Amino acid sequence: MATYQLNVNGQSKKVDVDPSTPLLWVLREELKMTGTRYGCGISACGACTVHLAGEATRSCVVPISLVGNRRVTTIEGIAQDPVGRAVQHAWVEKDVVQCGYCQSGQIMSAVALLKETPKPTDANIEESMGGNLCRCATYVRIREAIKRAVEQMT
Amino acid sequence: MRAASRSFNQADINRRSFLRTSSVAAAGLLVSLYLDLPAFANEGAQTPPPKVYPPDAFVHVRPDGKILITVNRLEFGQGVQTSLPMVLADEMDADWSQVVPELAPAADVYRDPVFGIQMVGGSGSIAHSFTQYRELGAKTRAMLVAAAADRWKVSPDQCRTENSVVYGPNGKSARYAELARDAARKPVPEKVSLKNQSEFRLIGKKIPRLDSAAKCDGSQKFGLDLDLPGMKIAVVAHPPVFGARVKSIDDKEARGMSGVKDVFEIPLVKGSGVAVVADRFWTAKQGRDSLKIDWDLSGVELADTSQLWTKYKALARTPGNVAVARGDDKALDRIPAARRIVAEYEFPYLAHTPMEPLNATVRFEGNKAEAWVPSQFQTMDQMAIAEVLGLKPEEVMFHTEYAGGGFGRRAVIDSHVPREAAMIAKRLKGTPVKLVWTREDDVRGGYYRPMHAHRVEIGIGADGMPAAWRHVIVGQSLVAGTPFAAMMIKNGVDQTTVEGTSDTSYNLTNFHVSAHNPTVNVPVLWWRSVGNTHTAFVMETLIDELATRAKMDPIAYRRKLLKPEAKKLRGALDVLDQQSAWRTSLPKGHVAGVACHECFGTAVACAVEVSIENKRPKIHRATVAVDCGLAVNPLTIESQFQGGLGFGITQLMAGGAITFKDGRVEQRNFDGYTPPYIVDAPVTIDVHIVPGTDAPTGCGEPPVPVISPAVVNALAKLTGKRYRSLPLKNV
């Protein structure tokens, strides 16, 4: 066990866990922030996507010992960001969700995309969203919602 | 009305009372519409139990005007927690902005009115509960009107309702919330008249989902998110081969881990496993992965995919148990070989892999228990937990948790996941235990869409239409040896093996269908759209091949061959035909493919625009026309079809197969078993709903079967090849 000081959604958090514990499980079980989801544990589905120093990251494969002082942003904190708010609004407006389990990760990937590329092409969308699995296959509406968020912000 | 006329069940009332009193405690002042009826009064035992179950099990009008509507089904993406409340609220004339849906716990009153158990499946959520929820709404409205009429000393006929308000003569009005207490004392009407369709305010409108916001800000809780005081997490080491048993365990390392509470063997439905219980998931998983287990494989059949294909293909060359015998079974033999098609198809095992891994939480208290399960089969799961714990089902308070998908995987007849959780909870009496199946457990854990072989021989008449059709299907039964067998196995044929072929909408003469249901040591399960996943593929690729040979337009050919009574399918094809964009002005290298299929009462016609990119089909556009009767929420229907088509693409994926070697599953996670990602799904999907006024039919299962045959029918135009073996290899 070791103690780690984390910066999550702008707040300082202290946790005492095994150094190998993935960030995902620290968020879910120590900090009780369950909006970040467990889907595969091998970074193959994107349900656990968070932003680490602004970059979309699969939290299921990042041991807590490697997080350091990098800012962690989760779905619970993404509305603090104007791009985050626009994406969430677009998601609701386009009625994207079905079961909704993967959507935290989808939104986190979409926000990272739009912060990097404010006017993405279809190819940009496919590339950035390409690792986020949705078994309900809401992909058509995800594309529409990303485009809607772009419209809202311009 | 079926639900309200069910006989009174004391256990339901007790459970219901428990729920309501809990919410009273939580909310402070709370007036239930039926506060004085037994759901509450039973606590004080002042009022005798009623003869019928009151509708307050479904509707709860609060003093703040909020209307809680209980949904008798799991919400797992299909949108039922929006669409069933719409149906009730419409008849009740409730203010939609004040409606709050709740998922029902397990109780007899929430059983599916058609299936007789509490469940989601068979595309029945709307189809089976539409009238039930309309009547519940109408009865509630009638009681509110009766209360207002009494108050104003007028006849109920002089009152009208709108947006949660009753209006009477001389400008009188009262809000539902004000009337709730009086309305609760009114008798539940035996009969009520329902609205004409022209009077609907909500039904038929594109109403946005009620769960969007919570699913977009992370606040939605799924079963896996449950957190209870003192809760422990369990992860189980399952046998490497189905049915194997633990011979010996070396758990030294696990027991040495900080946070591991216990390690012990548990019996499974078949064989045994080892449970590791810890404070946290990560610890439990580390502990589980550190176990060194010697497994006893004696007497356990080792499934092997290549051997199974050999066996299945040989079986497919012999007649099986007869499902359909129409016309002359020798007619085929009289047709010259040049006018015959012989086609052999292969379909692999498929895992459902819902995004939320399987889980169940159970707390055993000795004489009662509580369970929290994202379940499609509440009745079965509650019974299974009770059986393991030596309790009566009604002694298990069973909460339906929101599920991250399911597609059939949470509707398991043997309830193996809740059973496992109960086994562990039994040992940790008093402690809530959340059992988590890791993704590896899920991919390797069985309960797959069975593998199937089809062999079809078709004799073609001089007019290019099929003159004889002999069809043999080989695949495991989904229900043999279960309580469902009596209902679903006919003449030795599991109807889910042949559905989609035996009940084809095409007018096939000299039509013979038979099936073999071999026994294999691999647990199998219904996978969204069940038998239609493979039968529609076979039927629609062969019909397309026949149309091509006859040099006919694929839609015209299908129309010509459809039975006269296939009105829905014909209508869907007409609408698809009118939406011509999918086949006009296609870019170079793009072609269109078509398929249609009716199942679960809903007819679907689909066209796709496809090209080949990196040896894989790229689906640029899909256009679907659907006839599902009255469209209750066209927005949900559109979403179900867009998503269902995407789900159907699972079986076209290069990694869309579960395979076995020496009894072991060769895949382990999404690195080996790969469902469709955004690049694999159609770029755009246009859904056209055929206007209808007939009883609504399902939209969960019917989107799935059409997409894969439509895609390979398009590929056939590009490559000249026919694709009969799935998963689809590089083209």
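Residues numbered from 1 in each chain as written. Chains lettered and ligands numbered in written order. Predicted model: local features only at pLDDT ≥ 70, side-chain atom pairs only at ≥ 80, totals over all residues.

Draft legend 1. A look at the overall build of chain A. Within chain A, the regular secondary structure consists of five helices and five strands. Each helix and strand of chain A, placed in order from N terminus to C terminus, yields the pattern β-β-α-β-β-β-α-α-α-α. For chain A, the C-alpha radius of gyration of 15 Å lies close to 15 Å, the compact-globule estimate for 154 residues. Dimensions of chain A, computed from C-alpha atoms along their principal axes, come out at roughly 45 × 30 × 25 Å. Considering chain A as a whole, with its 154 residues, one finds that 58% of them fall into the buried category. Looking at chain A alone, contacts between residues at least 24 apart form 60% of all its contacts between residues at least 6 apart. (Helix = DSSP H or I, 4+ residues; strand = E, 2+ residues; numbered from the N terminus. Rg over C-alpha atoms; globule rule 2.2 N^0.38 Å. Buried ≥ 20, exposed ≤ 12 C-beta atoms within 10 Å, placed from the backbone. Contact = placed C-beta atoms within 7 Å.)

Draft legend 2. Focus on the sheet that holds strand β2 (residues 11-17) of chain A. All names here are of chain A. Within the open sheet, the five strands sit side by side as β2-β1-β5-β3-β4. Their pairing is mixed. One side of each edge strand has no neighbouring strand; the edge strands of this open sheet are β2 and β4 (55-58). Neighbour to neighbour, the strand axes of the sheet diverge by 40° on average, direction disregarded. Pairing analysis gives four bridges linking strand β3 (residues 49-52) to β4, with the strands arranged antiparallel. Paired with H51 across the bridge in β4 is A56. Sitting on the sheet, helix α1 (residues 23-30) touches β2, β3 and β5 (71-73), and the angle it makes with β2 is about 100°. Set on the sheet, helix α3 (residues 103-116) makes contact with β3 and β4; between it and β3 the angle comes to about 35°. (Pairing = 2+ DSSP bridges. Axes fitted to C-alpha atoms, helices over the stretch in contact; angles between N-to-C directions.)

Draft legend 3. How the structure looks around the packing of helix α4 (residues 80-92) of chain B against helix α5 (residues 125-152) of chain B. Residue and element names in this part refer to chain B. At a minimum axis distance of 6 Å, the contact between α4 and α5 shows a crossing angle of 35°. For the pair α4 and α5, the crossing hand works out as right-handed. Contact residues: V80, S83, L84, V87, L88, A89, D90, E91 and M92 in α4; S125, I126, S129, F130, Y133, R134, L136, G137, A138, T140 and R141 in α5. Its residues placed into classes, the contact of α4 with α5 shows eleven nonpolar, five polar and four charged. (Left-handed = near helix turned anticlockwise from the far one by under 90°. Nonpolar A, V, L, I, M, F, W, Y, C, P; charged D, E, K, R; others polar.)

Draft legend 4. Inspection of helix α20 (residues 704-719) of chain B at higher detail. Residue and element names in this part refer to chain B. Counting buried positions over the 16 residues of α20 gives twelve, a clear majority of the element. Turning to α20, its buried residues are V704, P705, V706, I707, S708, P709, A710, V711, V712, N713, A714 and L715. Buried residues along α20 sit against α16 (532-549), β23 (591-599), β24 (602-613), β25 (616-627) and α19 (634-648). A positive phi of about 75° marks G720, the residue just after α20.

Draft legend 5. The arrangement of the environment of A607 of chain B in detail. Residues and elements named next belong to chain B. Its place among the elements puts A607 in strand β24. The buried category is assigned to A607, around which 28 C-beta atoms lie within 10 Å. The spacing of A607 and P554 is 53 residues in sequence and 11 Å in space, taken between C-alpha atoms.

Draft legend 6. A look at the nonpolar core. Residue and element names in this part refer to chain B. Formed by 263 residues in total, the largest nonpolar core has its most connected members in A234, V276, I424 and C606. In terms of residues, this core owes the most to one element, α5, which gives 13 residues. Those residues in contact with V276, other than ones at most four positions away along the chain, are A234, V235, A254, V260, V263, A284, G287 and R288. (Core = buried A, V, L, I, M, F, W, Y, C linked by C-beta atoms within 7 Å.)

Draft legend 7. Main features of the sheet that holds strand β6 (residues 173-175) of chain B. Residues and elements named next belong to chain B. If you walk across this open sheet you meet the three strands as β4-β5-β6, and the pairing is antiparallel. At either margin of the open sheet sits one strand with a lone partner, and together these are β4 (160-162) and β6. Adjacent strand axes in the sheet meet at a mean angle of 25° when their direction is disregarded. As paired strands, strand β5 (residues 165-167) and β6 are joined by three bridges and run antiparallel to one another.

Draft legend 8. Focus on the environment of L478 of chain B. Residues and elements named next belong to chain B. Relative to the helices and strands, L478 is located in the loop between β19 (466-475) and α14 (485-488). When the C-alpha atoms of L478 and I489 are compared, they prove to be 9.6 Å apart, with eleven residues separating the residues in sequence. What L478 contacts, discounting residues up to four positions off in sequence, is D494, T496, V524, L525 and W526.

Draft legend 9. How the structure looks around the interface of chain B and chain A. With 50 residues of chain B at the contact, the number on the chain A side is 45 residues. Mapped onto the side of chain B that touches chain A, the elements with two or more residues apiece are α7 (212-216), α9 (281-290), α19 and β28 (684-689) of chain B. Counting residues per element, the side of chain B that touches chain A draws most heavily on α19 of chain B, which supplies six residues. Looking at the side of chain B that touches chain A residue by residue, the class counts come to 23 nonpolar, 16 polar and eleven charged.

Draft legend 10. Representation of the environment of F537 of chain B. Residues and elements named next belong to chain B. By the secondary structure assignment, F537 is in helix α16. When the C-alpha atoms of F537 and T501 are compared, they prove to be 9.9 Å apart, with 36 residues separating the residues in sequence. Aside from chain neighbours lying at most four places away, what touches F537 is S708 and P709.

Draft legend 11. Quick look at α1 of chain A. For α1 of chain A, the buried fraction is high: seven of the eight residues fall into the buried class. Within α1 of chain A the residues assigned to the buried category are L23, L24, W25, V26, L27, R28 and E29 of chain A. Where α1 of chain A is buried, its residues contact β2, β3 and β5 of chain A together with α9 of chain B. Count one or two residues on from α1 of chain A and you reach K32 of chain A, which has phi positive near 60°.

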